[in-house]
Amino acid sequence: MANFTTHSIIGASAAVAVSYHYMATEAFLPALSLGLLTYIGSIFPDVDSKNAIFTRILFRFIGVSLGLFFSFLSYNLLTPTQTFILFFGVFGFVLFILKPLFNQHTKHRGAWHSFPMALLSSFLIGGTIKWAVLHLGLFHEMVAFPLTIPLSAAFAFFTGYLVHLLLDELYSIMKIKLSLGTALTLFDPKQASLYAGLYIAALIAFFWLWEPSYTENILMLTSWGKWIWVHYEQWII
Ligand SMILES: [Zn+2]
């Protein structure tokens, strides 16, 4: 597999290409953000290697983000000291409980180095951005047509992700290693249900990103989906 530096250089090149493509629209900030998202996508799949620089940074980032999010939610309820305790409690939970659990259940070049996972993560990122645009009013001030941003975000992240998988695969071919074919896995018959689940999840995430009412229909097909829909309707769309 390619190392972090190689992924970084090739990923940055892909980021420039994507950014350049969007700069033609003269929307500078979105072009910059989409380039950054491409770069993140290009180093993301190695989240499955326990001590990768990216994994360490990512979990700290998630810890700080969630810590700040919960501190914000309880802003009116807690004293400043209690807020500090809550923040570090959440941060510690992510770093010392969630991260080891994640490491335990992932293996390097497993499902994270696969085509359906690239699709699923990209659609989820696009869908989350769309949700933020619709519910929180984020990015409205950035562009005149905010709803094109979620699709572009999914495309940018997917481009980076795919560049990573192809690069790993290319390295395997060049070194004729045994790991050949484990970087861009389309389907693994030994883990058929996992891969089928990933493709189904990716399809649902795609509908969520593309048109929330499709997700509504899919969720309504199942009883647990109906329950989620009734309870969280205003949050899911
Ligand atoms: Zn990799």
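Computed from a predicted model, the values in this text were never measured in an experiment.

K.L.:
I'm lost on the overall build of the protein in this one. Help?
P.N.:
Scanning the protein from terminus to terminus reveals 9 helices and 0 strands. Listed N to C, the secondary structure of the protein is α-α-α-α-α-α-α-α-α in terms of helices and strands. Classification of the 237 residues of the protein by burial places 32% in the buried group. In the protein, the share of contacts with a sequence separation of at least 24, taken over all contacts with a separation of at least 6, comes to 67%.

K.L.:
What's the story with the UniProt feature "transmembrane region" (unreviewed entry) in the protein in this structure? I'm lost.
P.N.:
Annotation from UniProt places "transmembrane region" (unreviewed entry) at residues 27–45, 57–78, 84–102, 114–133, 145–167 and 192–210. Along residues 57–78 one finds 77% helix and 0% strand; the C-alpha atoms at either end are 29 Å apart. End C-alpha atoms of residues 192–210 are separated by 27 Å, and the span's content is 100% helix alongside 0% strand.

K.L.:
Sorry, what's going on with helix α4 (residues 80–104) here?
P.N.:
Helix length check: α4 (25 residues) gives 35 Å between terminal C-alpha atoms against 36 Å at 1.5 Å per residue, within 8%. The sharpest bend along α4 comes to roughly 30 degrees, located at Leu 98, with the proline Pro 100 sitting one to four residues further on.

K.L.:
Which parts of the structure should I look at to understand the packing of helix α2 (residues 28–43) against helix α6 (residues 148–175)?
P.N.:
Two quantities define a packed helix pair, namely the angle between the helix axes and the distance between the axes. Closest axis-to-axis distance for the α2/α6 pair is 6 Å, and the angle between their directions is 35 degrees. Seen from above, α2 lies across α6 with right-handed handedness. Contacts between α2 and α6 involve Pro 30, Leu 34, Leu 37, Thr 38, Tyr 39, Ile 40, Gly 41, Ser 42 and Ile 43 from the former and Ile 149, Ser 152, Ala 153, Ala 156, Phe 157, Phe 158, Thr 159, Gly 160, Tyr 161, Val 163 and His 164 from the latter. Taken together, the residues of the contact of α2 with α6 break down into 13 nonpolar, 7 polar and no charged.

K.L.:
I'm lost on the nonpolar core in this one. Help?
P.N.:
The nonpolar side chains of soluble globular proteins are, as a tendency, buried together. Among the nonpolar cores identified, the biggest contains 36 residues, and Leu 34, Phe 123, Ala 153, Ala 154 and Phe 157 are the most heavily contacted of them. Listed by contribution, the elements that provide at least two residues to this core are α1 (4–23), α2, α5 (115–136), α6 and α7 (192–210). In terms of residue count, the dominant contributor to this core is α6 (10 residues). When sequence neighbours within four positions are dropped, the list of residues in contact with Phe 123 reads Ala 154, Ala 202, Ala 205, Phe 206 and Leu 209.

K.L.:
I'm lost on the environment of Ala 12 in this one. Help?
P.N.:
Note that Ala 12 resides in helix α1. Residue class for Ala 12 comes out partly exposed when judged on the 16 C-beta atoms lying within 10 Å of it. Taking the C-alpha atoms as reference points, Ala 12 and Gly 35, separated by 23 residues in sequence, lie 8.2 Å from one another.

K.L.:
When you look at the packing of helix α3 (residues 53–73) against α4 in this model, what are you seeing that I'm missing?
P.N.:
Taken N-terminus to C-terminus, the directions of α3 and α4 make an angle of 145 degrees; their axes are 8 Å apart at the nearest point. In the crossing of α3 with α4, the sense of the turn from one axis to the other is right-handed. Here α3 contributes Phe 59, Arg 60, Ile 62, Gly 63, Val 64, Leu 66, Gly 67, Phe 70 and Ser 71 to the contact with α4, which in turn contributes Thr 83, Leu 86, Phe 87, Val 90, Phe 91, Val 94, Leu 95 and Lys 99. A per-class count over the contact of α3 with α4 returns 11 nonpolar, 4 polar and 2 charged.

Rules and cut-offs
- Residues numbered from 1 in each chain as written.
- Predicted model: local features only at pLDDT ≥ 70, side-chain atom pairs only at ≥ 80, totals over all residues.
- Helix = DSSP H or I, 4+ residues; strand = E, 2+ residues; numbered from the N terminus.
- Buried ≥ 20, exposed ≤ 12 C-beta atoms within 10 Å, placed from the backbone.
- Contact = placed C-beta atoms within 7 Å.
- UniProt positions renumbered as here; feature names shortened; annotations may be inferred.
- Expected span 1.5 Å × (residues − 1).
- Bend = angle between axes of the 7 residues up to and from the residue.
- Axes fitted to C-alpha atoms, helices over the stretch in contact; angles between N-to-C directions.
- Left-handed = near helix turned anticlockwise from the far one by under 90°.
- Nonpolar A, V, L, I, M, F, W, Y, C, P; charged D, E, K, R; others polar.
- Core = buried A, V, L, I, M, F, W, Y, C linked by C-beta atoms within 7 Å.

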